[in-house]
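Reading the structure
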Amino acid sequence: MRARAAAMFPAPVPRSDWSSRVVLLLLLLLCGSLQAAQAAKPKGPGQTHLNSIRIDGDISLGGLFPVHARGHDGKPCGELKKEKGIHRLEAMLFAIDRINNDHNLLPNITLGARILDTCSRDTHALEQSLTFVQALIEKDGTDVKCVGGGAPIITKPERVVGVIGASSSSVSIMVANILRLFRIPQVSYASTAPELSDNTRYDFFSRVVPPDTYQAQAMVDIVKAMRWNYVSTVASEGNYGESGVDAFIQKSREDGGVCISQSVKIPREPKQGEFDKVIRRLRENPNARVVILFANEDDIKRLLQAAKKANQTGHFIWVGSDSWGSKISPVVHQEEMAEGAVTILPKRQSIRGFDRYFISRTLENNRRNIWFAEFWENNFSCKLSRHAVKKGSGLRKCTNQERIGKDSNYEQEGKVQFVIDAVYAMAHALHNMQRELCPGKVGLCAKMDPINGTHLLKHIRRLNFAGIAGNPVLFNENGDAPGRYEIYQYQIQNQTAEYKIIGHWTDQLHLNASTMQWPGGGRHIPSSICSLSCQAGERKKIVKGMPCCWHCERCDGYQYQADTYTCKMCRFDLRPDVNHTACVPIPIVKLEWSSPWAVFPVLIAVLGIMATVFVVGTFVRYNDTPIVKASGRELSYVLLTGIFLCYATTFLMISTPDVGICSLRRIFLGLGMSISYAALLTKTNRIYRIFEQGSMSVSAPRLISPASQLAITFTLASVQLLAVCIWFGVDPSKAIIDYEDQRTSNPAMARGVLKCDISDLSLICLLGYSMLLMVTCTIYAIKTRGVPETFNEAKPIGFTMYTTCIIWLAFIPIFFGTSQSTEKMYIQTTTLTISVSLSASVSLGLLYMPKVYVVLFHPEQNVPKRTRSLKAVVTAAAMSNKFNPKAGLRPNGEAKTELCDSLETQTASPEI
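Here is what the cut-offs are and how they apply
- Counting of residues starts from 1 at the beginning of each chain's written sequence and follows it residue by residue.
- Owing to the predicted nature of the model, reporting of local features is limited to residues with pLDDT of at least 70; listing and counting of side-chain atom pairs is limited to 80 or more, with chain, interface and lining totals taken over all residues.
- Derived side-chain values reflect all non-hydrogen atoms in the structure, with water molecules and hydrogen atoms excluded from consideration.
- Secondary structure elements are taken from DSSP: a helix is a run of H or I of four residues or more, a strand is a run of E of two residues or more, and numbering for both begins at the N terminus.
- Each residue is placed in one exposure class: buried if its accessible area under a 1.4 Å probe, protein chains only, is under 20% of its type's maximum, exposed if it is over 50%, and partly exposed if it falls in between.
- Only heavy atoms matter for contacts: two residues are in contact if any of them lie within 4.5 Å across the pair.
- Here the accessible surface of atoms and residues is derived via Shrake-Rupley with a 1.4 Å probe, and residues count as covered only by protein chains that are part of the display.
- For Phe, Tyr and Trp, rings pair up if their centres lie within 6.5 Å, where Trp contributes its six-membered ring, and each pair is then called stacked (planes under 30 degrees apart), edge-to-face (over 60) or tilted (otherwise).
- Two conditions define a charge located above a ring, namely a distance within 6 Å from the ring centre to NZ of Lys or CZ of Arg, and an angle within 35 degrees of the ring normal.
- We call a set of buried residues a nonpolar core when its members are Ala, Val, Leu, Ile, Met, Phe, Trp, Tyr or Cys and they connect through side-chain atoms within 4.5 Å of each other.
- The rule is simple: put a 1 Å grid over the protein atoms alone, call a set of points where a 1.4 Å probe fits but cannot get out a cavity, call an open set with protein on both sides within 12 Å along at least five of seven lines a pocket, and count a residue as lining if it has an atom within 4 Å of a point.
- Grid points are joined across faces, edges and corners, and a volume is the space filled by probe spheres set on the points.
- Charged means Asp, Glu, Lys or Arg here, nonpolar means Ala, Val, Leu, Ile, Met, Phe, Trp, Tyr, Cys or Pro, and polar covers whatever is left, Gly included.
- Identification of polar contacts relies on pairs of N or O atoms within 3.5 Å, with a donor-acceptor requirement for protein atoms, meaning one able to donate a hydrogen and the other able to accept it, and with residues adjacent in sequence counted only if both atoms are side-chain atoms.
- To obtain each axis, a line is fitted to C-alpha atoms, and for helices this fit is confined to the stretch in contact; angles are then taken between N-to-C directions over 0 to 180 degrees.
- Angle categories are assigned with fixed cut-offs, so that under 35 degrees is roughly parallel, over 145 is roughly antiparallel, 65 to 115 is roughly perpendicular, and the rest are oblique.
- Two cysteine sulfurs form a disulfide in these notes if their separation is within 2.5 Å.
- Note on pairing: two strands pair once DSSP finds at least 2 bridges between them.
- Residues enter patches when they are more than 30% accessible in relative terms and free of salt bridges; like-charged ones are connected within 9 Å and nonpolar ones (Val, Leu, Ile, Met, Phe, Trp, Tyr) within 5 Å.
- The salt bridge criterion pairs a side-chain nitrogen of Lys or Arg with a carboxyl oxygen of Asp or Glu, the two atoms within 4 Å.
- As used throughout, the charge tally considers Lys and Arg to be positive and Asp and Glu to be negative, leaving His and the chain termini uncounted.
- A single reference atom marks each charge: NZ on Lys, CZ on Arg, CG on Asp, CD on Glu.
- The span one expects for a helix is its residue count, reduced by one, times 1.5 Å.

What follows is about the overall build of the protein chain. Helices and strands together make up the secondary structure of the protein chain, namely 25 helices and 29 strands. Counting over 912 residues, the protein chain shows a buried share of 52%. Sequence-distant contacts in the protein chain: of pairs separated by 6 or more residues, those separated by 24 or more amount to 69%. Here the protein chain has roughly 42000 Å² of accessible surface; of this, 56% comes from carbon and sulfur atoms.

On to the packing of aromatic side chains, then. By the definition in use, this model includes 22 aromatic pairs. Here the aromatic rings of F354 and Y357 are separated by 6.0 Å at their centres, their planes lie at 40°, and the arrangement is tilted. With a gap of 3 residues between them, F354 and Y357 both fall in helix α11 (residues 352–359), about one helical turn apart. Taken together, the ring pairs in this structure connect F94, F354, Y357, F358, F372, F375, W376, F380 and Y410 into an aromatic cluster. Across the ring face of W550, the terminal group of K540 is positioned such that the distance to the ring centre comes to 3.9 Å. Lying across the ring of Y622, R621 places its NZ or CZ 4.9 Å from the centre.

Core analysis: the largest hydrophobic core is formed by 67 residues, its most contacted members being M92, L111, Y189 and L430. Per-element tally for this core: the top contributor is helix α13 (residues 416–437), with 14 residues. Counting 51 residues, the second-largest nonpolar core is a separate cluster that includes L639, L767, M774 and A840.

Time to look at empty space enclosed by the protein. Applying the stated criterion to the full structure yields 3 cavities of 30 Å³ or more. Taken as a whole, the largest cavity spans an internal volume of roughly 140 Å³. Surrounding the largest cavity, 15 residues form its lining, V208, F418, D421, P472 and R484 being those nearest its centre. Elements that contribute at least two residues to the lining of the largest cavity include exactly α13 and β17 (472–474). Of the residues belonging to the lining of the largest cavity, the class tally is 10 nonpolar, 2 polar and 3 charged.

Let's shift gears to the side chain of D203. Within the secondary structure, D203 is located in the loop between β7 (186–188) and β8 (205–207). Here D203 falls in the buried class, since its relative accessible area comes to 15%. Of note is the side chain of D203, whose polar atom sits 3.2 Å from the side chain of R180.

Attention shifts here to the packing of helix α3 (residues 82–100) against α11. Two numbers describe how α3 lies on α11: the axes approach to 10 Å, and their chain directions differ by 105°. Considered as vectors, α3 and α11 are oriented roughly perpendicular to each other. The segment α3 lies against α11, with I86, H87, E90, A91, L93, F94 and D97 engaging G353, F354, Y357 and F358. For the contact of α3 with α11, the residue count by class is 7 nonpolar, 2 polar and 2 charged.

A separate point is the side chain of S206. For S206, the position within the fold is in strand β8. One polar contact links S206 to R461, side chain to side chain, over a distance of 3.0 Å.

Counting across every chain of the model gives 9 disulfides. Paired through a disulfide, C259 and C548 show a sulfur-sulfur distance of 2.3 Å. On the sign convention where negative means left-handed, the S-S torsion of about 85° between C259 and C548 marks this disulfide as right-handed. Taken together, the residues span a long stretch of sequence, with C259 in strand β10 (residues 259–266) and C548 in strand β22 (residues 546–554) at a distance of 289 residues. Taking the relative accessible area as the measure of exposure, C259 reaches 3% and is therefore buried. Taking the relative accessible area as the measure of exposure, C548 reaches 3% and is therefore buried. What pairs with C662 in a disulfide is C756, and their sulfur atoms sit 2.0 Å apart. The disulfide joining C662 to C756 has a torsion of about -90° about its S-S bond and is therefore left-handed. You can see C662 sitting in helix α18 (residues 659–696) and its partner C756 sitting in strand β29 (residues 751–756), a full 94 residues away along the chain. Judged by relative accessible area, which is 0%, C662 ranks as buried. Here C777 is not cross-linked by a disulfide; its sulfur's nearest cysteine counterpart is in C805, at 8.8 Å. Overall, the relative accessible area of 0% leaves C777 in the buried class.

Take the sheet that holds β29 next. In space, the 3 strands of this open sheet follow the order β27-β29-β28, with mixed pairing throughout. The sheet terminates laterally at β27 (588–589) and β28 (735–742), the two strands that pair on one side only. The pairing of β28 with β29 spans 5 bridges and is antiparallel. Considered in β29, the bridge of A735 is made with C756. The strands touched by helix α22 (residues 824–847) are β27, β28 and β29; relative to β28, the strand with the most contacts, the crossing angle is about 115°.

This part takes up the sheet that holds strand β5 (residues 111–117). Spatially, 6 strands are ordered β1-β5-β2-β6-β7-β8 in an open sheet, and the strand pairing comes out mixed. Strands with a single pairing partner mark the edges of an open sheet, and in this sheet they are β1 (52–55) and β8. On average, each strand axis in the sheet is tilted by 20° relative to the strand beside it, whichever way the strands run. Taken together, the 3 bridges between β7 and β8 define a ladder with parallel strand orientation. Note on β8: the bridge partner recorded for V187 is S206. Against the sheet, α3 contacts β1, β2 (59–65), β5 and β6 (160–164), and its axis sits at roughly 175° relative to β5.

Attention now goes to a positive patch on the surface. A cluster of basic side chains, namely K271, K277, R280 and R283, defines a positive patch on the protein surface. Following the sequence through the fold, K271 ends up in the loop between β10 and α8 (274–282).

This brings us to the pattern of salt bridges. Enumeration according to the criterion identifies 22 salt bridges in this entry. Note that D731 is salt-bridged to R666, the shortest N-O span being 3.8 Å. Placement of the pair is D731 in the loop between α19 (706–730) and β28 and R666 in helix α18, with a sequence separation of 65 residues. A salt bridge links R666 to D757, with the shortest nitrogen-to-oxygen separation between them at 3.5 Å. In this pair, R666 is assigned in helix α18 and D757 in the loop between β29 and α20 (760–783), connecting sequence segments 91 residues apart. Like R666, the residue D757 is buried in the burial classification.

Turning to a nonpolar patch on the surface, a few remarks are in order. Taken together, the side chains of F600, L603, V606, L607 and M610 make up a nonpolar region of the molecular surface, amounting to roughly 480 Å² of accessible area. You can see V606 is positioned in helix α15 (residues 596–621).

The next subject is the pairing of β1. Side chains S52 and R54 project from β1 onto one buried face, and the interleaved I53 and I55 project onto a second face that is buried too. Where β1 lies against β5, 4 bridges are found, and the strand directions are antiparallel. Note that in β5 the partner of S52 across the bridge is L116.

What follows is about α19. Here α19 spans 36 Å end to end across 25 residues, near enough to the 36 Å set by a 1.5 Å rise per residue. For α19, the set of buried residues is S708, Q709, T713, A717, Q720, V724 and W727.

Geometry only, nothing functional implied.
In structure tokens form, the structure reads like this:
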């Protein structure tokens, strides 16, 4: 049995991966051959077979056409397909007639045909296509016996040298797997699945239409040209639909810019409600209005019906593959739902010769087409048999006088040109093969009996001839035709629906967008995008796995939009502009003279300086009067100089910072206070020593002369100057712009502060020595609080120091408590200048204004007192303490008063 089975195949292609499939095919073929062997007598030439057309000839070509739709409820075949089935089938017959009548092509050779109906189903097509390989199977009739005992007569089926078809890619794939085993070349007129380009698996398959890889690229180009980036896909289950969608997705990923919202697959045998479910899925993302369709004609029609049922008219924008093309049947009675659909079809032309041929077909002259009678009834809505006409059905009996195109609408089906080109490709290859194998001979020769399929395939792949429409017909190494497409749009104008050519694609897209019209007659291109474009200053945050979908995030704070996907921080001295698209310099601010924060301190300083100058002038004018002398003229002038410098510091603090101003701030901010408090400390220390000395001995304390007092004062003040000089050496003064001081959360409010490089800590150190002098002076003021009232300056100095301490105690929390405020520069500068000015004002008011008042308004009090010698006064004080210790405790003790007055007068006026 194994030997017999092996002999039945003419050396199949040795491939291990097909071994299991070959065994299955052997069983099918054996069953088919046994059924064929049971035929009682041969069928005559031109006689039809069930579901097939047979035309005798010297060489027979096979044909596969979807004459009927896919059947339902267990039936293999459904309703008749007028255009996709009959038109294409007649195109093959038309081409065979032309070739047989052409004396230059295959001279003296007649082409025959065996045409089968695939019923739009791959499994049914597989069963039918077994007919093509029957002639290659060695028939064994030993088991066949005739009733009369004679030898059985077994009809040898015609040998099919090549097959035209199929239409559906899934059918072509199924059939190609058989034909390649028997080396039968196959040329398809409509199968476009990319899978068929695999020359290692489908090496005997060729096609005159471009593969879906080109079509998918064209569709991606259309989507991108319309600026759509979010689409859904719908595919019919099978090689054509699934491979087409896969190719589209792959091309969209390679090109970028297009994302898939939903990928829906329609089952081969869709259940009731399946298309409603598909529409519901497509509606899940309303932004994805564009639907890419790689579906068969039946599925497209039912999908449009489901969309109409769901009241989605005008919502979806369909982009259909060549299976939709410019066909009428999918859009019948649902024109509004299909309005605006963009479809693609391999570039073709209407073949006028075929139009004349097909219009002339009648029941009498077209008996070779066994399905033509069924087409006639369907096309003219009549019945050939009177008994088939039922009352009330609306049908009439056919008169046979009907004419195509006159009594019915007619429009040439889109793939007619390619069917004719496929037949001519096979004829040209046979012609070239005959010329090579049979040189100088007309007709077939022995070398072409049988025809070698591999040799024929080589001639098919070498072809390059002008097709029926004038376009070149050629194949690449994979058997694919070049990509040439026309772009259609289904439009409704003046209540008339039609497909209108809006562009073409040949390696690149050429689209006339001005001729496009969308649902409702609009000219504006509808949108189908996942996310709207981000506004200026917003970055795209891509949704994971969906590069066309994003969330827009604002570049907030001090960030600016560096690029589409990135926000970056501006440099420290920059801030984002209003749109956060770039960085601009942060405005520089300083304390202006016109600012309210400066006006009040300046007013106090001006008044203080005027008052200081007035006091100095008064003292100079009345320099030799007793009150001025008793005040200690030398230290008074030093103290007034310090007060003046304190007031003058205000102007340095408000002036525009630069190297000079910053240097002067370092010097005079602490120097004025240091001079003032050094002078006051010297005075209080002198008073304390005189008071203490008087309680212990009658001798005068040391270093109480004016020269000594000045020396002490300048020594104390020089410490401040020395510290500042060291500071200059370690860190030279400079002006800086502080961008952190007013770096608010709102960049629009950010400012750079022009200031001197004096930090808060440096400022405390700068004023620290002055405050040390102030505290020390306050201690001495407390110690001398019991000095008699007649002592000229003890109590005013005490009040001055108490008030000054209160001022600076208030200054510290205000100054440091505002360190985080956006108004820090203004508050701290104003607080500091006012505190310094108030300290100076307190000293000026309490120490000198009473003296000036007496000098100017009560000159009668500005007279010298009765004095004794210093020795007498000191002796009297010592004796008073010795004999009456409590006398020294009297607040107005005469001895102490006289002692102090005498000391004061004598030290102030040596001539007394």
